[in-house]
Amino acid sequence: MSEKFEFKTETKRLLDMMINSIYTHKEIFLRELISNASDAIDKRHFLSLTNDKVKDLDYEIKVEADKALRTLTITDNGIGFTHEDLVNNLGTIARSGSKEFVEKMNKENQGKDDVDIIGQFGVGFYSGFMVADLIEVITKSPLEEKGYKFISEGLESYSIDEVSDASEGTKIILHLRANTDDVKYDEYLDEYTIKDLVRKYSDYIRYPIKTWVTKYETSDEKDEKGNPKSVETSVLETINSMTPIWRKEKKDVTDEMLNTFYKQKFMDWQDPLLTIQSNVEGNVTYRTLMFIPRQAPYDLYQSSYEKGLQLYTKGVFVIDKCKELLPDYLKFVKGLVDTEDLPLNISREMLQEDRSLTLIAKSVESKILSELKKTLEKDRAKYEEFFASYGVNLKYGVYENFGEKKEKLQDLLLFESLNSDKKITLREYKDAMKEGQKSIYFASAKDKASALMLPQIEAIKEKGFDVLVLTDHVDEFMLQVLKEYDKVEFKNIAQANDDLLTEDEKKELDKKKEENKDFLADLKNDLPEVKEVVISSTLTTSPCCLSSGNGISFEMEKVLNAQQDSDGKIRADRILEINPNHELVKLVEERYKENKDSIKDYAKLLYDAALIDQGMPLTDPKEFNTLLVNLMTASLKK
């Protein structure tokens, strides 16, 4: 007897929306159907513990293709469907039979046991209509005497018939759609496509997934050249690994196994620099297996680079690069998260608002930073290798969002410094500060050798104070966000300051400023591009230098003007500092006393010399060359 049923209006609407909107990649239909099969086996196994009618079995899931009939069949020996199940779970798309089943069994067992159930029968089953225009379901439950056949074209209606020869479990037969110019549905009948999809999406389903695999064996027959003939046979072979490496006990997983998994999964020829694992139970339950590549990907800093961890739900692959799981500054991390707390059919839109995912993301970030801190403390060489590749990412992490994460990241930063042969942390700098040192000093330069050539460094070196050498464009912006470390402020040696002076030295400096105020003022009048000319508090052997005051620094000026949307007019203040004790400055000052109008050319040469020392371009190279030649000629004629 055949029964006809009409789909409800909301079911039709949801089905249409699911096929055309929610599932944009047709290939996931196999993932959904295999997950449902795993779900059904879970249910049977659980019932077998408490119900004598239900026998435990050697469970398996089979995927079989028939190219002649153009059918793909997924078979399991799980719990099967009763007549009521077919109507409620396959006839109503949005109904969750799994949820009702768990609630019922937990109630009957006073919550002593739980079942690991994946997904929703309804939604997962109907994903088959993305590739099939007719689906048959032949099923039998051990809880009923009769078996049934469910048939639907997924449009208006479905039918249910009794069958007498159904085996316990469920067989789903997909009659594939006709090929189109855009989609070749026949590819889902290909042995290699089936294996690829199973390994991509369902490799870690806990039950064996089997399909017919072509094998070639040598026969006793010989060909015309006398060579043994090859015979083609088909073997039902398990194609999934079943137990994911991240769900195994740590004692059963070697470093070699982890390295092999990483290289195969993420297409790298080198072992990872660092492997990070966690198993978390609490407000959210999840496992992670993450890797930091030994070398940064070639496209890491290109706009096309996609960050994110692979997302699994109970061993089932859901999303390849879930960007919500990683902050931008950790985008180089590879790996996966496997959680118990997300539905299999979660969409990108739903992910953005999911509280569980937000909690997981925060925990993942903390775990990565914790492992980096541990590596810094216990394996300095490995951490320095990490920082050479990814340190700039941590610096951007400090700088972004107005320093929101600076407290988390500041102790992971490494810097070159003048007094150390190796890179040091801010804590190491602070602990080594000399008595009387008021600030953490830094200098922006191409490298350490270039920093040593800066004239402002002279007084700091004399006192034995260390100087951080900043070589990345983001460094000064980052320190501007940090402002201080452990209550000690950062100070740029290229910005005017007098905190290196004792009180007596400050009084002497004020005295010299007063004595030379006319000289300084006239130098300033001869240099319109300079904001101020001052007596230096830092120079000891150089005649002059440039500082930038308390606004943006010269390095910031370079970086900002290099940006595409800059008009090139961003400019740091230029303050010319002169050393009144230098012989050249004394000679210029004597010439000034003889003739106040005679120092204009000297002023320009002093300024150009300071630009050169600072590594900045000359305002007018031709004028500089002419002045230098003229002064040298005049000097030689004397």
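Scroll up to find the structure this text is about.
Throughout, residues of each chain are indexed from 1 in the direction in which the sequence is written. With the structure being a predicted model, the display of local features is reserved for residues of pLDDT at least 70 and the display and counting of side-chain atom pairs for 80 or more, all residues being used for whole-chain, interface and lining totals. Where side-chain values are given, they derive from all heavy atoms of the structure, hydrogens and water being excluded.

S.K.: Any details on the overall build of the protein chain? Residues and values, ideally.
M.R.: Per the convention used, a helix needs a DSSP run of H or I reaching at least four residues, while a strand needs a run of E reaching at least two, with both numbered from the N terminus. What the protein chain contains, in helices and strands, is 21 helices and 22 strands. Evaluated residue by residue, the protein chain yields a buried proportion of 49% over its 638 residues. Contacts between residues were defined by any pair of non-hydrogen atoms, one from each residue, lying within 4.5 Å. Across the protein chain, the fraction of contacts at a sequence separation of at least 24, relative to all contacts at a separation of at least 6, is 71%. In short, Shrake-Rupley with a 1.4 Å probe defines the accessible areas, and a residue's cover is counted only from the protein chains shown. Only carbon and sulfur atoms are counted for the fraction: they give 46% of the accessible area of the protein chain, which is about 33100 Å². Burial classes follow relative accessibility: with a 1.4 Å probe on protein chains only, a residue under 20% of its type's maximum area counts as buried, one over 50% as exposed, and anything between as partly exposed.

S.K.: Go over the sheet that holds strand 18 (residues 484-485), please, and point to the residues and values.
M.R.: On the basis of which strands lie adjacent, the open sheet formed by five strands has the order 15-17-16-19-18 and mixed pairing. Both outer strands of the open sheet, strand 15 (416-417) and strand 18, are each paired with one neighbouring strand and no more. Strands qualify as paired when DSSP identifies two bridges or more between them. Across two bridges, strand 15 lies against strand 17 (residues 467-470) in antiparallel orientation. Looking across to strand 17, one finds that Glu416 is bridged to Val469.

S.K.: If you had to explain the nonpolar core to someone new, which residues and values would you point to?
M.R.: Of all hydrophobic cores here, the largest spans 69 residues; its most connected members are Phe386 and Leu394. For this core, the leading source of residues is helix 9 (residues 355-378), giving seven residues. For the purposes of this section, nonpolar cores are sets of buried Ala, Val, Leu, Ile, Met, Phe, Trp, Tyr and Cys residues that join through side-chain atoms within 4.5 Å. With 58 residues, the next largest nonpolar core counts Phe129, Met130, Ile160 and Tyr188 among its residues.

S.K.: Account for helix 17 (residues 517-525), naming residues and giving values.
M.R.: Burial in helix 17 covers these residues: Phe519, Leu520 and Leu523. Down the axis of helix 17, the buried set is contained in an arc of 95 degrees. They therefore lie on one face. Buried positions along helix 17 lie against helix 16 (503-515), strand 20 (532-535), strand 22 (575-578), helix 19 (583-594) and helix 20 (600-613). Of all possible arcs, the one meant is that of the directions from the helix axis to the C-beta atoms.

S.K.: Describe the packing of helix 9 against helix 10 (residues 380-399), listing the residues and the values that go with them.
M.R.: The axes are straight lines fitted to the C-alpha atoms, using for helices just the contacting stretch, and the angles between their N-to-C directions are given from 0 to 180°. Taken N-terminus to C-terminus, the directions of helix 9 and helix 10 make an angle of 130 degrees; their axes are 6 Å apart at the nearest point. In terms of orientation, helix 9 and helix 10 fall into the oblique class. Where helix 9 approaches helix 10, its residues Leu372, Thr375, Leu376 and Lys378 are matched on the opposing element by Arg380, Lys382, Tyr383 and Phe386. Relative orientations are named as follows: roughly parallel for angles under 35 degrees, roughly antiparallel for angles over 145 degrees, roughly perpendicular for angles from 65 to 115 degrees, and oblique for any other angle.

S.K.: Before we move on, can you summarise helix 9 with the specific residues and values?
M.R.: To estimate how far a helix should reach, multiply one less than its number of residues by 1.5 Å. Between its terminal C-alpha atoms helix 9 stretches 35 Å, which fits the 34 Å expected from 24 residues at 1.5 Å a residue. Here helix 9 has its buried residues at Ser356, Leu357, Ile360, Ala361, Val364, Glu365, Ile368, Leu369, Glu371, Leu372, Thr375 and Leu376. Under the rule applied, a polar contact is a pair of N or O atoms within 3.5 Å (in protein, one hydrogen donor and one hydrogen acceptor; residues adjacent in sequence only if both atoms are side-chain atoms). Looking at where helix 9 begins, the residue whose side-chain oxygen comes 2.9 Å from the main-chain nitrogen of Ser356 is Asp354.

S.K.: Before we move on, could you go through the packing of helix 17 against helix 19 and cite the residues and values that matter?
M.R.: For the pair helix 17 and helix 19, the least separation of the axes is 11 Å and the interaxial angle reads 90 degrees. Taken together, the axis directions place helix 17 and helix 19 in an arrangement best described as roughly perpendicular. Touching Asp518, Phe519 and Asp522 of helix 17 are Val585, Val588, Glu589 and Tyr592, all from helix 19. Lys, Arg, Asp and Glu make up the charged group, whereas Ala, Val, Leu, Ile, Met, Phe, Trp, Tyr, Cys and Pro make up the nonpolar group; the residues left over, Gly among them, are polar. Taken together, the residues that form the contact of helix 17 with helix 19 break down as four nonpolar, no polar and three charged.

S.K.: If you had to explain the pattern of salt bridges to someone new, which residues and values would you point to?
M.R.: Just to be clear on terms, a salt bridge is a Lys or Arg side-chain nitrogen sitting within 4 Å of an Asp or Glu carboxyl oxygen. If you walk through the whole model with that rule in mind, you get 30 salt bridges. Linking Asp431 and Arg427 is a salt bridge whose minimum nitrogen-to-oxygen distance equals 3.4 Å. In this pair, Asp431 and Arg427 are both assigned in helix 12 (residues 426-431), four residues apart and thus about one turn of the helix distant. Assessed through its relative accessible area of 32%, Arg427 is described here as partly exposed. Asp486 serves as the salt-bridge partner of Lys430, at 3.4 Å between the closest nitrogen and oxygen. Taken together, the residues Lys430 in helix 12 and Asp486 in the loop between strand 18 and strand 19 (488-492) connect sequence positions 56 residues apart. The exposure class of Lys430 is partly exposed, given its relative accessible area of 22%. Asp486 sits in the partly exposed class, given a relative accessible area of 36%. If you follow the salt bridges from partner to partner, you end up with Arg427, Lys430, Asp431 and Asp486 in one network.

S.K.: Let's hear about the environment of Gly128: which residues, and what values?
M.R.: Mapping Gly128 onto the fold places it in the loop between helix 5 (121-126) and strand 4 (132-140). Residue Gly128 is classed as buried on the basis of its relative accessible area, which comes to 0%. Between the C-alpha atom of Gly128 and that of Ile28, which follows or precedes it by 100 residues, the distance is 9.0 Å. Beyond its immediate stretch of four places on either side in the chain, Gly128 contacts Phe29, Ile135 and Leu174.

S.K.: Help me get a handle on the packing of aromatic side chains, residues and values and all.
M.R.: Ring pairs shown here join Phe, Tyr and Trp side chains whose ring centres sit within 6.5 Å, with only the six-membered ring taken for Trp; geometry is labelled stacked below 30 degrees between planes, edge-to-face above 60, and tilted in between. In the structure shown here, the tally under the stated rule is 25 aromatic pairs. Pairing Phe125 with Tyr126 gives two aromatic rings, centres 4.9 Å apart and planes at 85 degrees, and the pair type is edge-to-face. Since its relative accessible area comes to 2%, Phe125 is described here as buried. On the accessibility criterion, Tyr126 (1% relative accessible area) is buried. Residues Phe150 and Tyr158 carry aromatic rings whose centres are separated by 5.1 Å and whose planes lie at 25 degrees to one another, so their mutual orientation is stacked. Take Phe150 and Tyr158: they sit in the same class, and that class is buried. Feature note: the residues Tyr201, Tyr204, Trp246, Phe261, Tyr262, Phe266, Phe291, Tyr312 and Phe317 constitute an aromatic cluster, connected by ring pairs.

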